[in-house]
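Here is how the chains run, residue by residue.
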Amino acid sequence: MRVLAALSGGVDSAIAAARAVDAGHDVVGVHMALSRTRDQFRNGSRGCCSIEDAGDARRAADVLGIPYYVWDLSEQFEQTVVTDFLAEYEAGRTPNPCVRCNEHIKFAALLDKAVALGFDAVCTGHYARIEVGPDGTRALHRARDAAKDQSYVLAVMGPERLARSMFPLGDVASKDETRAEAAARGLAVSAKPDSYDICFVADGDTQGFLRDRLGSREGDVVDTEGEVVGRHDGAYAYTVGQRRGLALGRPAPDGRPRYVLAVEPVRNRVVVGSREELAVGVVEADRAVWFVAPGADADAGAGAGAGAASGATPWSCTVQVRAHGTPVPATAVAGPDGTLRVEVDAAAGLHGVAPGQSVVLYDGTRVLGQATVTSTRRPPAAGAPAAAPAATGSAAGVAPATDVGTVVEPVGGRP
């Protein structure tokens with residue numbers, strides 16, 4: 001096949017491209033330039049996609065003996081990923097920019113351009129597996145190395161884009177194996193540190209980035225009774241489940257730590273409370289993307305796109321709400337127009353799910369689908385009816401003081 005290898009400048013994408021060459025494909029390397037500012041996206045091991053990374057990608061392509069190009073996708077990145085990141089935080093939600101980048105850049109802008117140029121597939125250094133069934137159905141699975149698994153941030157791509165994707169590192173036992181292979185091939189990136197944090201916040205100061213872009217907006221931090229317990233410089237800079245950096249003027253009456261329970265953008269308030277109040281029993285979501293028809297037997301290989309029909313019958317699965325979170329047992333029901341309701345096993349101990357983040361459904365290692373969280377409900381007390389709706393994180397921002405959500409890890413890792 002004609003394969004376009006996305007070269008980030010790191011070791012993972014370099015080895016993925018090398019394996020595509022070894023497999024006999026006609027491979028061309030491309031580096032995505034996502035910023036027009038020379039030093040914006042790299043600060044040591046933080047960030048990615050800098051001029052330094054472009055140079056590392058070029059040297060890797062030279063070692064592999066493949067053509068190499070740089071594509072300027074900075075305008076699309078700013079419009080779809082950075083703008084979305086700011087808008088979501090401003091609306092009181094918690095976005096995952098790596099999910100949005102995979103959705104709009106790597107497997108939309110990049111893949112669409114590759115197909116238009118006659119390429120059959122895009123190859124990346126993501127850690128995930130693609131399994132092909134007897135009927136040719138392609139399924140997305142977790143990577144062999146659970147510690148590096150990136151299926152969570154890839155679930156948004158859907159089956160059509162999966163059909164034109166290659167993840168050669170899915171069966172790698174560990175990152176050490178990748179680095180050893182890079183050293184054996186003479187690739188200088190073999191010892192390059194992994195990138196982490198949000199790529200366009202290279203210094204790791206997310207609150208500072210938001211404040212620079214959105215400005216200072218002082219307001220109250222209140223407890224669940226509405227009593228003011230502190231002040232903030234912008235409600236947008238807080239996420240449900242956050243404990244550190246609250247700078248409260250007084251401790252809780254019981255002396256225990258406080259956590260962010262809700263962010264109310266219209267009132268410009270941050271609501272805090274106990275960890276117990278972060279417990280989640282039900283997750284509501286929308287914009288569902290399905291790899292398997294909702295409620296269908298995953299082993300049957302029934303493929304379905306984002307517009308799949310709703311499945312009124314509940315089905316058992318596991319769900320994951322963070323890039324490297326622990327999957328928990330749940331029961332899911334797909335509703336009309338891409339909506340999803342997930343009831344979490346009462347014994348799972350899931351604390352908080354922030355509106356705006358992704359909830360990914362699995363059957364074993366196989367990804368069933370993905371949706372964007374809109375609201376949560378707390379588990380009902382023993383013998384009590386279902387809990388009242390929790391925070392939606394919507395633009396309305398008028399949520400009860402007891403609304404809950406979760407802490408979210410905003411980074412899924414960049415290969």
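Check the entry above for the structure.
Residues numbered from 1 in each chain as written. Predicted model: local features only at pLDDT ≥ 70, side-chain atom pairs only at ≥ 80, totals over all residues. Heavy atoms only, no water.

Caption draft 1: Structural context of the pairing of strand β8 (residues 219-222). Two elements, β8 and strand β9 (residues 228-232), share four bridges in a ladder whose sense is antiparallel. In the strand pairing of β9, Gly219 is matched with His232. Between β8 and β9, which pair antiparallel one after the other, the connecting turn spans five residues, and Gly226 there sits at a positive phi close to 90°. Two elements, β8 and strand β11 (residues 269-273), share three bridges in a ladder whose sense is parallel. The partner of Val221 across the bridge, within β11, is Val270. (Pairing = 2+ DSSP bridges. Helix = DSSP H or I, 4+ residues; strand = E, 2+ residues; numbered from the N terminus.)

Caption draft 2: Just unusual backbone geometry, in detail. Positive phi is not limited to glycine here, since Asn268 has a value of about 55°. As for its position among the elements, Asn268 is in the loop between β10 (259-264) and β11. For Asp337, which is not glycine, the phi dihedral falls at a positive 55°. Structurally, Asp337 is set in the loop between β14 (328-334) and β15 (340-344). Under the relative-accessibility criterion, Asp337 is labelled exposed at 78%. (Buried < 20%, exposed > 50% of the residue type's maximum accessible area, 1.4 Å probe, protein only.)

Caption draft 3: How the structure looks around the sheet that holds β9. Across the sheet, which stays open at both edges, the four strands sit in the order β9-β8-β11-β10 with mixed pairing between neighbours. Of all strands in the sheet, those with a lone pairing partner are β9 and β10, marking the two edges. On average, each strand axis in the sheet is inclined to that of its neighbour by 30°, with strand direction left out of account. (Axes fitted to C-alpha atoms, helices over the stretch in contact; angles between N-to-C directions.)

Caption draft 4: Quick peek at the pairing of strand β17 (residues 366-377). With ten of twelve residues buried, β17 is to be regarded as a mostly interior element. One ladder, built from seven bridges, connects strand β12 (residues 282-290) with β17; its direction is antiparallel. Paired with Ala285 across the bridge in β17 is Val373. Examined bridge by bridge, strand β16 (residues 358-363) and β17 share six bridges and lie antiparallel to one another. Note on β17: the bridge partner recorded for Val360 is Gln370.

Caption draft 5: Molecular detail of the nonpolar core. Judged by nonpolar contacts, the single largest core of 39 residues is most densely connected at Leu4, Phe77, Ile105, Leu110, Phe200 and Leu210. Sort the elements by how many residues they give to this core and helix α3 (residues 74-90) lands first, with six residues. Within the second largest apolar cluster, 28 residues are counted, among which are Val3, Ala5, Ala16 and Ala20. (Core = buried A, V, L, I, M, F, W, Y, C linked by side-chain atoms within 4.5 Å.)

Caption draft 6: Spotlight on the side chain of Thr94. Structurally, Thr94 is set in the loop between α3 and α4 (97-116). Residue Thr94 is classed as buried on the basis of its relative accessible area, which comes to 2%. Among the polar contacts listed, one links the side chain of Thr94 to the side chain of Thr239, at a separation of 2.5 Å. (Polar contact = N/O pair within 3.5 Å; in protein donor to acceptor, adjacent residues only side chain to side chain.)

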